[in-house]
There are 2 protein chains.
Amino acid sequence: MTKIPHRITLSEEHIPSAWYNLRADMPNKPAPMLNPKTLEKAREEDLYPVFCKELSHQELDETTRFIDIPGEVMDMYKIYRPSPLIRAYNLEKELDTPAKIYFKFEGNNTSGSHKLNSAIAQAFYAKKQGVASLTTETGAGQWGTALSEACAYFKLPLKVFMVKSSSQQKPYRKAIMENFGASVIASPSSTTAAGRAILAEDPQNGGSLGTAISEAVETAVTTENCRYVLGSVLNQVLLHQSIIGLEAMEAMKLYDEYPDVIVGCAGGGSNLGGLIAPFMRDRLQGKAKTRFVAVEPISCPSLTRGVFAYDYCDVGKITPLAKMYTLGCTFKPASSHAGGLRYHGMSPILSQLYHDGMMEAIAVEQTRVFEAAKLFARCETILPAPESAHAILGAVREAVRCREEGRAETILFGLTGTGYFDMAAYSVFNQGQMTDYRPTDEELEKSIAVLPKVTKM
Amino acid sequence: MTKIPHRITLSEEHIPSAWYNLRADMPNKPAPMLNPKTLEKAREEDLYPVFCKELSHQELDETTRFIDIPGEVMDMYKIYRPSPLIRAYNLEKELDTPAKIYFKFEGNNTSGSHKLNSAIAQAFYAKKQGVASLTTETGAGQWGTALSEACAYFKLPLKVFMVKSSSQQKPYRKAIMENFGASVIASPSSTTAAGRAILAEDPQNGGSLGTAISEAVETAVTTENCRYVLGSVLNQVLLHQSIIGLEAMEAMKLYDEYPDVIVGCAGGGSNLGGLIAPFMRDRLQGKAKTRFVAVEPISCPSLTRGVFAYDYCDVGKITPLAKMYTLGCTFKPASSHAGGLRYHGMSPILSQLYHDGMMEAIAVEQTRVFEAAKLFARCETILPAPESAHAILGAVREAVRCREEGRAETILFGLTGTGYFDMAAYSVFNQGQMTDYRPTDEELEKSIAVLPKVTKM
């Protein structure tokens, strides 16, 4: 067999020409979204005030297997795609494992993460429809940065609601979004009714993703010809992110490789859902036995400690309801939690797959995550984002298992982004001041107790 | 002809197996280094206390045309190389130019710049010789980051003297170096005689590259089995950086392209020297008429306003003397100067080529540089380092000239790195608070007046 290079970078013509819609091949489809006013199954038109039409259609489309990537989107993809599939030879050596470790690296663009894949698609469809401006929310800042870039490219005004505690911790994240022309507002803010209500109760509120979503959605529906876009959780986002998995599968094919296990970090699920999509199809169709492992933080354990139920996507309860693993939309991870992966729910697609036993999940401590990040950086000279380092830790554990069991398995993980803007968290870790927080059962029961009562579906 | 893709990424086997030593093909060699004590031509042995043997040899070797890249260096190169050659289609469209604009992008690694190419080589040779630890200096922080990564990879302890004003402005640069295990000391420091002397005169001294070099060299020669390494200026560094030009030439060949003009930013000259090396050979041999344009800041204009003379490489005058374009080793750019490109001298190789009329140079205002950076980021979705944006501005001006003259020239420029750690400077620019400073003739005369008197050579 050909020697496998360190980096397998496909050429431009290998960028898939269509996204893959995993729902088309799922025997159990994700449960439908519900209209928050009627609690009835949401129709496409119900989504139009929030999302542009094409994206509303993609959100609900569970039958079209492949959806063509528009030429304008492809033109921007070509600036940074295909992303490399990298063989982590040095990490393998360091771990003394017989396993082969591959990672799909999505951090080689200025946004620094995979989020750009969906940001481009969403900005394009909005522009095509003649939408005048967009709103969104961002937590750690990767999504906001990616969308700022996409909007700058398509010349679309953008308003980003950034979780206040995060915007204070990461002034440079704010600066890079502004540099691409976005207007960045710390959330909760006084610019929306949702924000004002929270500030009236608690003027010092540091915000949450759920609150920022409420503010962004409210702004979209109350502003002339404005729409809302979201960086994870949604079906449309997983659809766009399928490009990660399609490219990874193509690159592995070139070397006659196929993963025995795929590991990804899981916040809202966009990267993991995109990475596993074509491999999951093979498993659903009985063509492969690949294991899929979601790695989440113990401080925000939606899969491992949440419930599978209908919930709102936001704190303000103005978004459609989705059936997903959730900690309750009022859940907020402890302030000691670094980086992203802080959303209360999980992608309905991944939630369904997990519920059906097609995917595993583990929850890990962030101090272990940063240890894995530093090991990886030294061996492979890429400084990972804390989010991405959850996947590294998961892959390292699989590789160690392979060593103990003497198995030469093929491990693939998603390295979603770089940690350039996370040096404050790295410093806290390096000074020995990082702590781990595991929510108590009482805390989780409290936020789960207030889940909406949905009996009709 | 084949359609030219957006990104031409060669595969691993296209990484050149040897560095190219341009000196071997220069009819007028750069003037020899001088021993600072005797002012005689430095012998290889004279350099041993400062550099390890192999690098001392490379520094003085002006006849060996190609020098093999060791396997261990190649193994680390393969993690991030070959770097892509990108066609800036969107920038061309925005400028409405008939020119084709290519850039060789060296920012796709955690160090965020081309500096890693030489850091790996220098760390490897030191490790191979059994050196116990390394010292260096860093200004903007790119070199220190790159060397920290290389030292982490080869498990070599490293002490970095970071210009104090820069370490205060960029705490995260310090953090990333520490994250890779380096010890970072703000310069001037009390740990060296050179530092103490400066602090005694001026306790508030914010430091300079020249001072940091003095401290690093002093530490190397007074510490058991320790050596000094430098990220630019030196002949050995340009040798290692030739990999940029060799790859660029190979990638262009694939599409039957050849640059009419090559543009690079110029601080110490490492990236520009590496990028142009094989193309300059063609010109020296009469095979091509490519123009070479160095772009430097008006605040630190060594080529356009300096003198071609022997000077020390450091403020403390303990390094060998080099003949180069220099503003005098006591010159410090104004505090309003953002980013790197703040060294008082220019690579002896580039200085000789410029002196011989083989290269042009322009000096530009930083406010124009940041404008070009933002334009480029919007079009090509890569946020450039301020240093790299000097090259962008130079390329934009060439492309505009092509439009005005109706010429479809091929422009190649070096995009040396990303601006993730430069958001503070971007913010100053975005707030309209960035200023331009052009040193007065009197200022330059003052620092040039104290050049060493070298009459022997």
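The structure under discussion appears in the preceding block.
What counts and how
- Residues numbered from 1 in each chain as written.
- Chains lettered and ligands numbered in written order.
- Predicted model: local features only at pLDDT ≥ 70, side-chain atom pairs only at ≥ 80, totals over all residues.
- Heavy atoms only, no water.
- Helix = DSSP H or I, 4+ residues; strand = E, 2+ residues; numbered from the N terminus.
- Rg over C-alpha atoms; globule rule 2.2 N^0.38 Å.
- Buried < 20%, exposed > 50% of the residue type's maximum accessible area, 1.4 Å probe, protein only.
- Contact = heavy atoms within 4.5 Å.
- Least-squares fit on C-alpha atoms with pLDDT ≥ 70 in both.
- Salt bridge = Lys/Arg side-chain N within 4 Å of Asp/Glu carboxyl O.

### Comments concerning the overall build of chain A
Helix and strand counts for chain A stand at 18 helices and 15 strands. Its C-alpha atoms give chain A a radius of gyration of 20 Å, within 12% of the compact-globule value 23 Å for 457 residues. Oriented by its inertia axes, the alpha-carbon framework of chain A measures out at about 60 × 50 × 45 Å. Residue burial in chain A is summarised as follows: out of 457 residues, 68% are buried. Taking contacts inside chain A between residues at least 6 apart in sequence as the whole, the part at least 24 apart equals 76%.

### As for the relation of the copies chain A and chain B
Least-squares fitting of chain A to chain B yields an RMSD of 0.0 Å, with the superposition described by an axial translation of 0.0 Å and a rotation of 180 degrees. The transformation relating the two chain copies, once decomposed into turn and shift, fits a two-fold axis. Take the interface residues of chain A: 100% of them recur as interface residues in chain B, which is what a same-surface contact looks like.

### Overview of the pattern of salt bridges
All names here are of chain A. Here the structure, examined in full by the defined rule, presents 44 salt bridges over all chains. A salt bridge links Arg81 to Glu247, with the shortest nitrogen-to-oxygen separation between them at 2.9 Å. One end of the pair, Arg81, is in the loop between helix H3 (71-80) and strand E4 (85-87); the other, Glu247, is in helix H11 (residues 235-254), and 166 residues separate them in sequence. Look at Arg81 and you get buried, because its relative accessible area is 1%. Judged by its relative accessible area of 0%, Glu247 falls in the buried class. The closest approach of N and O atoms between Arg368 and Glu365, which form a salt bridge, is 3.6 Å. One network of salt bridges, with partners in common, ties together Arg291, Glu360, Glu398, Arg401, Glu405, Arg407 and Glu409.

### Digging into H3 of chain A
Among the ten residues of H3 of chain A, seven are classified as buried, and the element is accordingly described as predominantly covered. Listed in full, the buried residues belonging to H3 of chain A are Val73, Met74, Met76, Tyr77, Lys78, Ile79 and Tyr80 of chain A.

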